[in-house]
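The primary structure of each chain is shown beneath.
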Amino acid sequence: MITFTINGQEVQGQDGWTILEVARWHGIDIPTLCHYEAVEPYGACRLCVVEVDDGKRSRVVISCMYPIRSGIQVKTDSPRVANVRRWIVQLLLDESPGAPKIQELAKAFRVTPSRFKKEGVEFACHLCGLCIRACQEVVGVQALTFGNRGVLKEVTAPYHQRSTDCIRCGTCLYVCPTGAMEQLFPQVSAP
Ligand code: SF4
Ligand code: FES
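Quantities reported herein were computed from a predicted structural model and do not represent experimental measurements.

Visitor: How should I be thinking about the domain arrangement of the protein chain in this particular structure?
Guide: One frequent convention defines the size of an interface as the accessible area lost when the parts assemble. Partitioning the protein chain into structural domains gives domain 1 (2–77), domain 2 (78–123) and domain 3 (130–188). For domain 1 versus domain 2, the separation of C-alpha centres amounts to 22 Å. Contact with domain 1, which involves 16 residues of that partner, is made by 13 residues of domain 2. Across the domain 1-domain 2 interface, the total number found is one salt bridge. Notably, a salt bridge pairs R80 with E51, separated by 3.2 Å at the nearest N-O pair. Taken together, domain 1 and domain 2 are joined by seven residue pairs in polar contact (both at pLDDT 80 or more). Counting only elements with at least two residues in the side of domain 1 that touches domain 2, the list comes to strand 3 (49–53) and strand 4 (58–62).

Visitor: What's the story with the packing of helix 2 (residues 79–95) against helix 3 (residues 100–108) in this structure? I'm lost.
Guide: How two helices sit against one another is set out by the angle between their axes and by the gap between those axes. In the contact formed by helix 2 and helix 3, the axes pass within 9 Å of each other and the chain directions differ by 140°. Taken together, helix 2 and helix 3 sit at an angle that is classed as oblique. Like other packed secondary-structure pairs, helix 2 and helix 3 cross with a definite hand, here left-handed. Note on element contacts: helix 3 touches helix 2 through I102, L105 and A106, opposite V89, L92 and L93. Across the contact of helix 2 with helix 3, the residue classes break down as six nonpolar, no polar and no charged.

Visitor: It is not clear to me how the site of ligand 1 should be interpreted in this structure. Could you clarify?
Guide: Around ligand 1 sit 13 residues, and of these C125, C128, G129, C131 and C176 come closest. For the shell around ligand 1, the secondary-structure elements that each account for two or more residues are helix 4 (130–139) and helix 6 (180–188). Here the shell around ligand 1 is composed, by residue class, of 10 nonpolar, three polar and no charged.

Reading guide: rules and limits
- Residues numbered from 1 in each chain as written.
- Chains lettered and ligands numbered in written order.
- Predicted model: local features only at pLDDT ≥ 70, side-chain atom pairs only at ≥ 80, totals over all residues.
- Heavy atoms only, no water.
- Domains from an automatic or database assignment.
- Contact = heavy atoms within 4.5 Å.
- Salt bridge = Lys/Arg side-chain N within 4 Å of Asp/Glu carboxyl O.
- Polar contact = N/O pair within 3.5 Å; in protein donor to acceptor, adjacent residues only side chain to side chain.
- Helix = DSSP H or I, 4+ residues; strand = E, 2+ residues; numbered from the N terminus.
- Axes fitted to C-alpha atoms, helices over the stretch in contact; angles between N-to-C directions.
- Parallel < 35°, antiparallel > 145°, perpendicular 65-115°, else oblique.
- Left-handed = near helix turned anticlockwise from the far one by under 90°.
- Nonpolar A, V, L, I, M, F, W, Y, C, P; charged D, E, K, R; others polar.
- Near = heavy atom within 4 Å.

Okay, structure coming up:
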């Protein structure tokens, strides 16, 4: 077992666990958007940031991918963490103001739409990859993938063809945190 502290409280986790896993095991809340227990973490949304002090330096890391180490001091709600999270929630809200999960986060962080809010878009895809990972790792099908790069990066079916591998189970729709998959689904799944 590895021992360290979260918010001053001594906690323990097994070698290989992440900070997020240990925090949740001990009932300590860290908000997440692209994390889902059943699939491998991907580190896309950065909402799960925490501050880690390893005795040499303190830095902000993403807790869903950061492996625990003996003696580190983790803070889940320091001013630095709160500031980063607030900015992330602001970006999410400006892109997906209609998504209930993001509205909840905005309320919790007291964030309101900014002047950079995208007009006419309510449920944007944030490229969190949860739909792709769930399709591959939970359902065992490769009906979804990322297509293109940079600003053109998108969720699509392999080769941009509607996928005949898709069994229309709806798992991608269920896990999508913004509702963007509702709009994408007819374009990626063959009838
Ligand atoms: S469609 Fe939804 S689950 Fe898939 S990458 Fe976009 S936001 Fe994430
Ligand atoms: S939950 Fe950790 S980066 Fe999204």
